[in-house]
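Descriptive analysis of the structure
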Amino acid sequence: FIQRDETVFNLPTIYFDSSSFTLKTNAKIILDTLNQIMNLNKTLVMEISGYTSSTGSNEFNLYLSQERANACENYLAAKGIDKSRIVAIGYGEEKLTNRCADGVPCTDAEHALNRRAEFKVIKLY
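Quick summary incoming for the structure in this document.

How each quantity is defined
Within every chain, residues take consecutive numbers counted from 1 along the sequence as written. Where local features are concerned, this predicted model is filtered to residues with pLDDT of at least 70; where side-chain atom pairs are given and counted, the filter is 80 or more; whole-chain, interface and lining totals use all residues. Computation of side-chain values: all heavy atoms of the structure, hydrogens and water removed. Secondary structure elements follow DSSP: runs of H or I of four or more residues count as helices, runs of E of two or more count as strands, with numbering from the N terminus. Any helix carries an expected span of 1.5 Å times its number of residues minus one. With a 1.4 Å probe rolled over the protein chains alone, any residue whose accessible area is under 20% of its type maximum counts as buried; one over 50% counts as exposed, and the rest are partly exposed. For this analysis, residues touch if any pair of their heavy atoms sits within 4.5 Å. By definition here, a salt bridge exists when the distance from a side-chain nitrogen of Lys or Arg to a carboxyl oxygen of Asp or Glu is within 4 Å. One requirement defines pairing of two strands: DSSP has to find at least two bridges between them. Throughout, right-handed denotes a crossover for which the path from the first strand over the helix to the second runs clockwise when the strands point away from the viewer.

Time to look at helix H2 (residues 58-78). End to end, H2 covers 30 Å across 21 residues, agreeing with the expected 30 Å (1.5 Å per residue, within 8%). All of the buried residues in H2 are Asn61, Leu64, Ser65, Arg68, Ala69, Asn70, Ala71, Cys72, Glu73, Tyr75 and Leu76. Where H2 is buried, its residues meet strand E3 (14-15), helix H1 (25-40), strand E4 (45-50), strand E5 (86-90) and strand E6 (116-123). Phi for Gly80, located one or two positions after H2, is positive at around 110°.

Right, here's the structure in full:
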């Protein structure tokens, strides 16, 4: 599930339903694992990046992606992680994982790959 190679932690991506920032059960399992990692590494600061598919307006997608990142941040904060150790950023449809940009015909399954939150280590003293 998690591999640690010095300061690299490989966590699975969290996926969301269309137009939703509700955390699913498997997302909470991933966040519980991140919580454990952050509790073991008290100087660890993480970026949580929220993303959307290209469906919907750019403005809505920026809002939705920020809410996805915030949902992850709030979950960790409720588990005791200080919010100063988390940077939650919504990127909207800026960084698609596939070809499904505006105007490109894609299946819902293809769009679903872009409805996600990812994690990146910013600092580890």
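That shown, we press on.
The subject of this paragraph is unusual backbone geometry. With a phi close to 60°, Ser19 is a non-glycine residue in the positive phi region. By the element assignment, Ser19 lies in the loop between E3 and H1.

A few words now on the pattern of salt bridges. For side chains bearing opposite charge, pairing can occur when the charged atoms are close. Overall, the coordinates contain six salt bridges when judged by the stated rule. The partner of Asp17 in a salt bridge is Lys24, with the nearest N and O atoms 2.9 Å apart. Its relative accessible area of 43% is what places Asp17 among the partly exposed residues. Of the charged contacts, one joins Asp32 and Lys79 as a salt bridge, the two residues approaching to 3.7 Å between their closest N and O atoms. Remark: Lys79 occurs in the loop between H2 and E5 and Asp32 occurs in helix H1; sequence separation between them is 47 residues. By relative accessible area, which is 27% here, Asp32 ends up partly exposed. For Lys79, a relative accessible area of 42% gives the class partly exposed.

With that settled, the discussion passes to the pairing of E4. Burial of E4 is extensive: six of the six residues sit out of reach of the surface. Residues of E4 alternate between two faces, with Val45, Glu47 and Ser49 on one and Met46, Ile48 and Gly50 on the opposite face, all of them buried. In this sheet, E6 lies alongside E4 in antiparallel orientation, the contact comprising six bridges. Among the inter-strand pairings, Met46 is bridged to a residue of E6, identified as Val121. Of the strand pairs in this sheet, E4 and E5 are connected by five bridges, and their pairing is parallel. Residue pairing in the sheet places Ser49 in a bridge with Ile89 of E5. Crossover E4 to E5 through H2 is right-handed.

By themselves, these are just geometric observations and shouldn't be taken as functional.
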